[in-house]
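# Fold and contact review
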Amino acid sequence: MKIGIDKIGFYVPKDYIDIVELAKARNVDPNKFTIGIGQDKQAVPQPYQDAVTMAASSADSILTDDDKKDLGLLIVGTESSVDESKSTAAFLMDLLDLPEDIRAFEIKQACYGATAGLQTAYDFVSQNPDKKALVIATDIARYGIKTPGEVTQGAGSVAMIISQNPRVLKLDHKSVYMTRNVGDFWRPTFSKTAFARGKFSNEVYVDFFKTLWDKYQTKYDATAADFSTMLFHIPYTKMGTKALRTLEGHVSDEKYAELTEHYQASIKFSREVGNLYTGSLYLGLLSYLVNAAKANEELLLFSYGSGAVGELYSGEIQPGFEKVIDQDAIMNLLNNREKMSISDYEKMYEIEYSDGTIVDPATVDAKFYLSEIKENERLYKKQN
Ligand code: HMG
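Presented here is an overview of the structure given in this document. In this text the structure is predicted, and so the values were computed from the model without any measurement. (Residues numbered from 1 in each chain as written. Predicted model: local features only at pLDDT ≥ 70, side-chain atom pairs only at ≥ 80, totals over all residues. Heavy atoms only, no water.)

Moving on: the pairing of strand E2 (residues 15-18). Residues Asp 15 and Ile 17 point to one face of E2 and Tyr 16 and Asp 18 to the other, with burial holding for every one of them. Relative to strand E3 (residues 41-44), E2 runs antiparallel, the two sharing four bridges. Note that in E3 the partner of Ile 17 across the bridge is Gln 42. Where E2 meets strand E14 (residues 338-339), two bridges bridge the pair, whose relative direction is parallel. Bridge pairing in E14 links Asp 15 to Glu 338. (Buried < 20%, exposed > 50% of the residue type's maximum accessible area, 1.4 Å probe, protein only. Helix = DSSP H or I, 4+ residues; strand = E, 2+ residues; numbered from the N terminus. Pairing = 2+ DSSP bridges.)

Here we come to the packing of aromatic side chains. Enumeration according to the criterion identifies 18 aromatic pairs in this entry. Measuring from centroid to centroid gives 5.6 Å for Tyr 345 and Tyr 349, while their planes differ by 80 degrees, and the two rings are edge-to-face. Residue Tyr 345 and its partner Tyr 349 are both found in helix H14 (residues 342-350); the two are separated by four residues, about one turn of the helix. With relative accessibility at 2%, the residue Tyr 345 sits in the buried group. Ring pairs connect the aromatic residues Tyr 205, Phe 208, Phe 209, Phe 232, Tyr 263, Phe 302 and Tyr 304, which therefore count as one cluster. The ring of Phe 91 carries Lys 86 above its face, with NZ or CZ at 4.2 Å from the centroid. Looking at Arg 142, its charged tip hangs above the ring of Tyr 349, at a distance of 3.9 Å from the centre. (Phe/Tyr/Trp six-rings, centres within 6.5 Å; stacked < 30°, edge-to-face > 60°. Lys NZ or Arg CZ within 6 Å of the ring centre and 35° of its normal.)

Another aspect to go through is the pattern of salt bridges. By the definition in use, this model includes 18 salt bridges. Linking Lys 367 and Asp 60 is a salt bridge whose minimum nitrogen-to-oxygen distance equals 2.8 Å. Highlighted residues: Lys 367 in the loop between H14 and strand E15 (368-374) and Asp 60 in helix H3 (residues 51-60), separated in sequence by 307 residues. On the basis of relative accessible area, Lys 367 is assigned to the partly exposed category, the value being 32%. Judged by relative accessible area, which is 28%, Asp 60 ranks as partly exposed. Here Lys 132 makes a salt bridge to Asp 67, at a shortest N to O gap of 2.9 Å. Residue Lys 132 is found in strand E6 (residues 132-141), and its partner Asp 67 is found in helix H4 (residues 65-70); the two are separated by 65 residues along the sequence. Relative accessible area serves as the criterion here: at 3%, Asp 67 is assigned to the buried category. Within this structure, Lys 7, Asp 67, Asp 70 and Lys 132 form a network of salt bridges that share partners. (Salt bridge = Lys/Arg side-chain N within 4 Å of Asp/Glu carboxyl O.)

Following this line, the structure appears as structure tokens:
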């Protein structure tokens, strides 16, 4: 049975900051941020937006009534959840008008969460071929103002429907994975911002990629020649480049040039948005699908979540994939955003809604939003 991604959708908040303006405000050479880190813009969520509202938005962009009838599983991967008990998935039930007879929950393992969701969905569909699964990656990446990680922040969500006879990406069911207890990046429950050993985290990421690529080649008797494209978790676009560079001199010059060219297509959206944490690999997939992909291409996908879990798996792009992706809607979303000044971004960063907050809908520029915090319970609304 063929199983994989049947639909893929995306949401990014309307506001962004310009990375050159951020560099100037931090007295940094802009080339460090645009070339050394590899970013152009960074998405900034409003205080009425969070992991729940962004998840609802990305899923809403692809879900039809027919999909809803067939859903048996909903998994949200996030490390930005709003509640230590109730899952982001439970909040989505009425926002998305989903049927009750589905299994819905949240998975956390840093940026690996959505891949854990995807592989769980694969197993679910293989046992329940007439059912579909909805997997959503949703996160706000926050390190804090004037920290080294600030330039690698971002926000957004990617939603995917997993089914049999997928129209976008068939998963090969070939995968290698690994887990190590590593202190490269963490966010204690008291903190809204992450802590990172930045340079160490880069080393662990690259080491995981190299280890898994060796494992994949041995397990499946594979070589780079089997793939036209390698997609990476992209906390910032230079990071995937560092992993890709480990292949230079180990694959033919032609193959390295092809992989590099395709990688550039996969990072276009990420340069515009920043880190989505667990959605980053899938934003890279979407960017590649919209900007360069061809039917029947074989992809290798590297998922990495600090802490740390890595997985390397493969899939094949399906003929007609372009008809299933709403490219116009995605480009409109990216192109119709508004630039926020660095001082406004800094002010908004400090805003934190507390109990008793009621959000005036007239101030909301999004379909799904946090409407109220009552008795410390977050309540959400949808508007047209
Ligand atoms: P930093 O110390 O500010 O930067 O932190 P740097 O000094 O390492 O410079 C960065 C690059 O810019 C270097 O290039 C410089 O040479 C270059 P590289 O050696 O890396 O190729 N550079 C310049 N280039 C052009 N013109 C110039 C110039 N000056 C310098 N004038 C760091 C950078 C990424 C460490 C920091 O932003 C950080 O800590 N970020 C957060 C951690 C992170 O993103 N880690 C990635 C791996 S871990 C991961 O992916 C998981 C994660 O997504 C979380 C999760 O799983 O949930 C983070």
